[in-house]
Amino acid sequence: MSIDMTVDRPVSTIDPFSHGFLGDPYPHHEAMREAGPVVWLEPYGIWAMARHQEVRDALTDWETYCSGAGVGLSDFRKEPPWRPPSIILEADPPLHTRTRAVLTRILSPAAINVLRETFAREADALIDRLVEQREFDGVADLAEAYPLKVFPDAVGISEQGRENLMPYGTMVFNSFGPRNDLFDKAMANAGPVREWIMSKCSRAALAPDGLGIKIFHAVDAGELSEDEAGMLVRSFLSAGIDTTVYGLGNALYCFASNPEQWTVLRENPNLVRGSFEEVLRFESPVQTFFRTTTKPVDVGGVRIGDGEKVLLFLAAANRDPRRWERPDTFDVRRRAAGHMTFGTGIHGCVGQAVARLESEAIFGALAKRVVSFELTGQPERRLNNTLRGFDTLPLRIKAA
Ligand code: OVV
């Protein structure tokens, strides 16, 4: 990548949504971090930030960097969104404050902790089967199978049709990028998938004891309208599956390719929790989100105008040598708190307690039963405009 510094702002011609970039983003992240605090991306006419400090500052300053114009490349003020905007992700205060309060309560660590036994039981049962099987696909048989069981169960939706959940998430996360080949492929079967998702968002479709119906209880308390409650169930089904699938897959890959780190974890099971934070830092399942400026702003001496799109490279912030020692080393003993994978500020991931609970259940179960993982073939990536992860991870495990 070449950076043109002959103008008053660093400029790059890189396409961060090309297959080359998405397949190996790290050299490009480094080039963008070194180019300056903010870089003009010529092909899209947008700004990009890749340093930890600037990404963090932008996420924290929601008044300057808004979400209401969409958190993808598309500016909702200039072109119609592909679906009605999310009333939490793609919203600003005061709407965001009201919707966020409801989900913060329903997804609080204390509220989610009641799921711990169920999540652990399901993880133990799945890992028992895979240990027996010995060889399996880490993506289909584990990283997808587990969230696709425990999360919809927790939300309280029917078993029928759950195969629509991954394709819907794939649509949502590709839609934050440009209308490229990845977007078109994800949207190929959009109609029926969207219809199924929306049919699961009504009060009548939800089990009486799940996370979904709790959103409707906020309607009864006067906090939301019935339609808003349905839209927040849609947010659960949009954000809750693919993110954790890619995160668990990336964790398996990190341990399979750094076997000495798995040994460290096995010898110190108290590292299970912290090691997942390191996975999130090192191989961020969510790579990027956009914001849109609401006024002109100076970033390290570069002037950004009003109404401009800013691409925040969460995954590049996670490996910024200004913030991390040995950023390109996967180290389960590291204090990885402060990574940007869940974002931060008012839009920081509201479901992070669920993601952490899933990973603790799975890697707690694996740490008890598995001495080592071995890749039996070449892992293949599944490219996505926002997410980073695998299509297949052929694994063999050595049982304890
Ligand atoms: C964090 C996130 C990702 C994708 C979709 C949504 C949220 C939503 O609210 O729909």
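Calculation rules
- Counting of residues starts from 1 at the beginning of each chain's written sequence and follows it residue by residue.
- Owing to the predicted nature of the model, reporting of local features is limited to residues with pLDDT of at least 70; listing and counting of side-chain atom pairs is limited to 80 or more, with chain, interface and lining totals taken over all residues.
- Computation of side-chain values: all heavy atoms of the structure, hydrogens and water removed.
- Under the DSSP-based scheme used, a helix requires at least four consecutive residues in state H or I and a strand at least two consecutive residues in state E, with every element numbered from the N terminus.
- The atom set for the radius of gyration is the C-alpha atoms, and the globule formula is 2.2 Å times the number of residues raised to the power 0.38.
- Three exposure classes are used, based on accessible area relative to the maximum for each residue type with a 1.4 Å probe and protein chains only: buried under 20%, partly exposed in between, and exposed over 50%.
- Only heavy atoms enter the contact rule, under which two residues are in contact if any of them lie within 4.5 Å.
- Each accessible area is a Shrake-Rupley estimate made with a 1.4 Å probe; only the visible protein chains count as cover when residues are assessed.
- Working convention for charge: Lys and Arg count positive, Asp and Glu count negative, and His plus the chain ends are omitted.
- For charged residues, the charge sits on one atom: NZ in Lys, CZ in Arg, CG in Asp, CD in Glu.
- Only buried Ala, Val, Leu, Ile, Met, Phe, Trp, Tyr and Cys residues count toward a nonpolar core, and they belong to the same one when joined by side-chain atoms within 4.5 Å.
- For this purpose, a residue is taken to be near a molecule or strand whenever a single non-hydrogen atom of the residue falls within 4 Å of it.
- Any pair of nitrogen or oxygen atoms within 3.5 Å is treated as a polar contact; in protein, a donor-acceptor pairing is required on top of that, and neighbouring residues in sequence qualify only through side-chain atoms on both sides.
- Points on a 1 Å grid over protein atoms alone make up a cavity when a 1.4 Å probe fits among them but cannot get out, and a pocket when they form an open set with protein on both sides within 12 Å along at least five of seven lines; lining residues each have an atom within 4 Å of a point.
- The rule for placing a molecule in a cavity or pocket is simple: more than half of its atoms must lie within 2 Å of the grid points.
- Three classes are used, and their members are as follows: Ala, Val, Leu, Ile, Met, Phe, Trp, Tyr, Cys and Pro are nonpolar, Asp, Glu, Lys and Arg are charged, and the others, Gly among them, are polar.

Caption draft 1: Structural detail: the overall build of the chain. Broken down by element type, the chain carries 17 helices and 14 strands. For 400 residues, the compact-globule estimate of 2.2 N^0.38 gives 21 Å, and the chain sits close to it at 21 Å. Counting every position in the chain, which comprises 400 residues, the buried fraction comes to 57%. Here the contacts in the chain between residues at least 6 apart in sequence split such that 72% fall between residues at least 24 apart. Element-wise, carbon and sulfur atoms account for 52% of the exposed surface of the chain, whose accessible area totals about 16,100 Å². Separation of charge centres in the chain, based on 45 positive and 54 negative side chains, amounts to 3 Å.

Caption draft 2: A look at the nonpolar core. With 113 residues, the main nonpolar core has M49, F363, L366 and F373 as its most contacted residues. Broken down by element, the residue count for this core peaks at ten residues, all from helix 17 (residues 352–369). The residues touching L366, leaving out its near neighbours within four places in the chain, are I127, L142, L252, W262 and F373. F17, V39, I46 and L73 belong to the second largest nonpolar core, which has 15 residues in total.

Caption draft 3: Molecular detail of the site of the ligand. The local shell around the ligand consists of R83, S86, I88, L89, V172, F173, F176, S235, S238 and A239. Here R83 contributes a side-chain N or O atom positioned 2.9 Å from an oxygen atom of the ligand. At a separation of 2.7 Å, an oxygen atom of the ligand approaches a polar side-chain atom of S86. Protein contacts shield 86% of the accessible area of the ligand, which totals 290 Å² for the unbound molecule. Here the ligand is seated within the largest cavity. Those elements giving two or more residues to the shell around the ligand turn out to be helix 8 (165–174) and helix 12 (226–239). Here the element with the most residues in the shell around the ligand is helix 12; it accounts for three residues. Tallied by class, the residues present in the shell around the ligand amount to six nonpolar, three polar and one charged.

Caption draft 4: Local environment of the side chain of N385. If you trace the backbone, N385 turns up in the loop between strand 12 (380–381) and strand 13 (390–392). Reaching out from N385, the side chain makes a polar contact with the side chain of N180 at a distance of 2.9 Å. Not counting the four nearest positions on each side in its chain, N385 is found in contact with F17, L22, F173, N174, G177, P178, N180, L182, F183 and T288.

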